[in-house]
Amino acid sequence: MIKKKRWRISTSDKEQENILIRELGVNPIVAKLMVNRHIDVDEGRHFLQGSLSDLLDPFALKDMDVAVSLVQETIEKHKPIVIYGDYDVDGITATSVLYRFLKKLGADVTYYIPERQSEGYGLNLEALEHLIEQGTALVITVDCGISSYDIVEAVRDRIDMIITDHHTAPDMIPRAKAVINHKQKDCHYKDKNLSGVGVAFKLCQALWLTKTGEWYLDDLDIVALGTVADVVPLVGENRIIVKAGLEKMNSHPNLGIKKLIDVAGLHERTITSGHIGFTLAPRLNAAGRVTHATRAVELLVTDNADMAEAIAEELNETNRERQELERNIHELARIDVANQGHKADYVTIVAGEEWHPGVIGIVASRLVEEFYKPTLVISIHDGIGKGSCRSIDGFNIYDALKGFSIDANRIDELRDRLTAYCKEHVTAEEYIPVVAIDAELPVDDIDVDIIDRVSALEPYGMANSTPVFAVMEATVQDIMLMGQLKNHCKVILETSSGTLDAIAWNRPDLFKTIFIGTVVKVAFSLQKNEWQGMVSPQLMIQAIEPLTEEPITLSTEGLRQMYVIVKQAMRGRSQSVYNVEQEILRRKPADQNNRSALTSLDVFKELGIIEEYTSDDGQLMLRWNAVEGKLDLVTSVTFLTYSV
């Protein structure tokens, strides 16, 4: 059964849409998308036509003049500078951009990134003491430091520090020589959305303006990479930077980025913000999660092609390790949820000994996608659990949970208390996920021209999300699973002039609920499908539901017929689940519908006739078991549930 979602279609404001159509000359669909994003005419001109010349003066940032003077003085005196970064992609790219720039100025500069597990996020006093012992004259933080008042205070008389950061500024600002953060209360910089790498880039711009009188525009592809990865709003300066950075990434990218694109299999693609978020950034992030983020910086700062290729391959392999860790923990977590039964009705809390701390946040996000409940994933080490939280729309889990470190023997108590909290504060409706839809599109109106017009809103990201459309009625012409592991689903929809391909990633379950001839509604984003010189629209499914769902009914005679079909399909040996399901749908009796026929497999599993397992290459398989004696259908929960 497909889990129902709340389909929320944006309301129209025809008056505002017509103004945008008239004043900006945009397509009606684009006008509606702009209204949905609260973009008026003045902002719309800047949004659609903004260029690098519209970037703001970096000296409008508080303390920028002080920082520039201090950096210049330190370089002139040939004193050592250390860039203190962070291990996520924003910190990695910020470190790389500033390091490359200061090297260009002839600075004696190195960088330091803390180890995720042992040192944690942000400034570390022990590390700073070590840098002082080495004779460091100036530390410049990137993407961290704004909350480190006590640590800065402990060393401020022994080393100069410049803090560049973009996180929310606390009441007590560290007393460094300069603090550059647009979110300080007394900083009047107009754009409050810069990422950590964006702030570091503004420091480079200020230094270059002072030295040459010109804008510094190098390394925009690295800046774009970090900006997209940090999920900051892609409006204002961020939009301009990412747009220009993507152009550079597609024409003459940084050597390390080029090698990363190659190993990720994207070398023949036009790189988009989506490729950054889902393909490139995870490979850089994997270094900080599994090994050490320094390797990712080395990739972005090297000019040696052989070294860049070797590091890119290493990061690609590290990402595979991260994915394997994530898959293993995710599977253990799913088993835990299943074993909890009704204890998991309101909140998902799972825990495991020595689960890798670098991936439990990703696992938490996947569990929210699957179960759509407030979720906590806990890694236990030496009897102490530390973990990550993810929540659902409308419920702030941090209001219910102050901090997250717990004795392992109190996890059940935490589950009970959070369950009680959720019962009181989360409504039944809030447990149903929302599909936010920009506009309806009749299936016959979807073509490449629509995609080209909508692309004016790229790059997409936070505050300018990828547009989601809805077809409210379409007929399925065909459906199949794809990919080596048959874990993705392709749905072919009928139109008056042909067909449309629709792809649902990681949704093999659709094959059991949507069939040829099913009338469905589909929520989707649009992209081009290029194949053998032909370009066609392709729907990327966000949600899909049949308008009417086949009822499941099981009978003794029907199961007898299906037993014969399944036995013949498997021929006494192991077969992939997908192959058996295809054979069932092809040969099922005329008086059985598709869902009922496929549900017979669940009955046969419960009776021990077949056994499901995963092959060495990751495929879901069925093994035929020879069962002697008469089978008792009442031992099957599925049969008792659906029998007539």
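See above for the structure.
Think of each chain on its own: its residues are numbered from 1, step by step along the sequence as written. Predicted model: local features are reported for residues with pLDDT of at least 70 only, side-chain atom pairs are reported and counted for 80 or more only, and whole-chain, interface and lining totals are derived from all residues. Water and hydrogen atoms were dropped before computing side-chain values, which therefore reflect all heavy atoms in the structure.

Within the chain, the secondary structure is distributed over 23 helices and 20 strands. Each radius of gyration is computed over the set of C-alpha atoms, and the globule rule expresses the reference value as 2.2 Å times the number of residues to the power 0.38. Compactness check: the chain gives a C-alpha radius of gyration of 28 Å against a globular reference of 26 Å for 644 residues, within 12% of the reference. Its C-alpha atoms give the chain principal-axis dimensions of roughly 90 × 65 × 55 Å. Among the 644 residues that make up the chain, the fraction classed as buried is 50%. Contacts are assigned to residue pairs that have any heavy atoms within 4.5 Å of one another. In the chain, the share of contacts with a sequence separation of at least 24, taken over all contacts with a separation of at least 6, comes to 65%. Between the averaged position of the 68 positive side-chain charges in the chain and that of its 96 negative side-chain charges there is a distance of 3 Å. Helix and strand labels come from DSSP, where a helix needs a run of H or I of at least four residues and a strand needs a run of E of at least two; each type is numbered from the N terminus. Only protein chains enter the accessibility calculation, which uses a 1.4 Å probe; a residue is then buried when its area is under 20% of its type maximum, exposed when over 50%, and partly exposed in between. Counted as positive: Lys and Arg. Counted as negative: Asp and Glu, with His and the chain ends omitted from the count. Every charge is mapped onto a representative atom, which is NZ of Lys, CZ of Arg, CG of Asp or CD of Glu.

So, on to the nonpolar core. The biggest cluster of nonpolar side chains holds 76 residues, and the ones touching the most others in it are Leu102, Ile140, Ile162, Leu203, Leu280 and Leu284. Tallying contributions element by element places helix H9 (residues 196-212) first for this core, with nine residues. Discounting residues that sit within four places of it in the chain, Ile162 has contacts with Ala67, Leu70, Val71, Leu138, Val139, Ile140, Thr141, Ala178 and Ile180. Counting 45 residues, the second largest nonpolar core, distinct from the first, contains Ala31, Val443, Ile446 and Phe524. Residues grouped as a nonpolar core are buried Ala, Val, Leu, Ile, Met, Phe, Trp, Tyr and Cys residues, joined through side-chain atoms within 4.5 Å.

Below, the discussion takes up the pattern of salt bridges. We define a salt bridge as a side-chain nitrogen of Lys or Arg found within 4 Å of a carboxyl oxygen belonging to Asp or Glu. With the rule as written, the count across this model stands at 43 salt bridges. Linking Arg295 and Glu298 is a salt bridge whose minimum nitrogen-to-oxygen distance equals 2.4 Å. Here Glu298 and Arg295 lie together in helix H14 (residues 294-301), a separation of three residues that amounts to about one turn. The class of Arg295 is partly exposed, set by a relative accessible area of 28%.

Contact geometry for helix H5 (residues 89-104) and helix H10 (residues 220-229): axes closest at 8 Å, N-to-C directions at 160 degrees. Regarding the angle of H5 to H10, the classification is roughly antiparallel. Regarding H5 and H10, the two cross each other, and that crossing is left-handed. Mapping the contact onto sequence places Val89, Asp90, Thr93, Ser96, Val97 and Arg100 in H5 and Ile222, Val223, Leu225, Gly226 and Ala229 in H10. Among the residues forming the contact of H5 with H10, the class breakdown is six nonpolar, three polar and two charged. As a rule, the C-alpha atoms of each element are fitted with a line to give its axis, helices using only the stretch in contact, and angles between N-to-C directions run from 0 to 180 degrees. By the definition adopted for this analysis, an angle is roughly parallel if under 35 degrees, roughly antiparallel if over 145, roughly perpendicular if from 65 to 115, and oblique otherwise. Take the far helix as the reference: if the near one is turned anticlockwise from it by less than a right angle, the crossing is left-handed, and if turned clockwise, right-handed. In the scheme used here, Gly and all other residues not listed as nonpolar or charged are polar, with Ala, Val, Leu, Ile, Met, Phe, Trp, Tyr, Cys and Pro taken as nonpolar and Asp, Glu, Lys and Arg as charged.

What follows is about the pairing of strand E11 (residues 434-437). Within a regular strand, side chains alternate between the sheet's two faces. On E11, burial follows the alternation: Val435 and Ile437 on one face are buried, whereas Val434 and Ala436 on the facing-out side are not. Taken together, the four bridges between strand E1 (residues 6-9) and E11 define a ladder with parallel strand orientation. Directly across from Ile9, in E11, lies its bridge partner Ile437. In short, DSSP must find at least two bridges between two strands for them to pair.

Helix H15 (residues 305-340) packs onto helix H13 (residues 273-290) with a crossing angle of 70 degrees between their chain directions and a minimal axis gap of 8 Å. Our classification of the angle between H13 and H15 gives roughly perpendicular. The chirality of how H13 crosses H15 is left-handed. Contacts from Pro282, Arg283, Leu284, Ala286, Ala287, Arg289 and Val290 in H13 reach Leu315, Asn316, Thr318, Asn319, Glu321, Arg322 and Leu325 in H15. Its residues placed into classes, the contact of H13 with H15 shows seven nonpolar, three polar and four charged.

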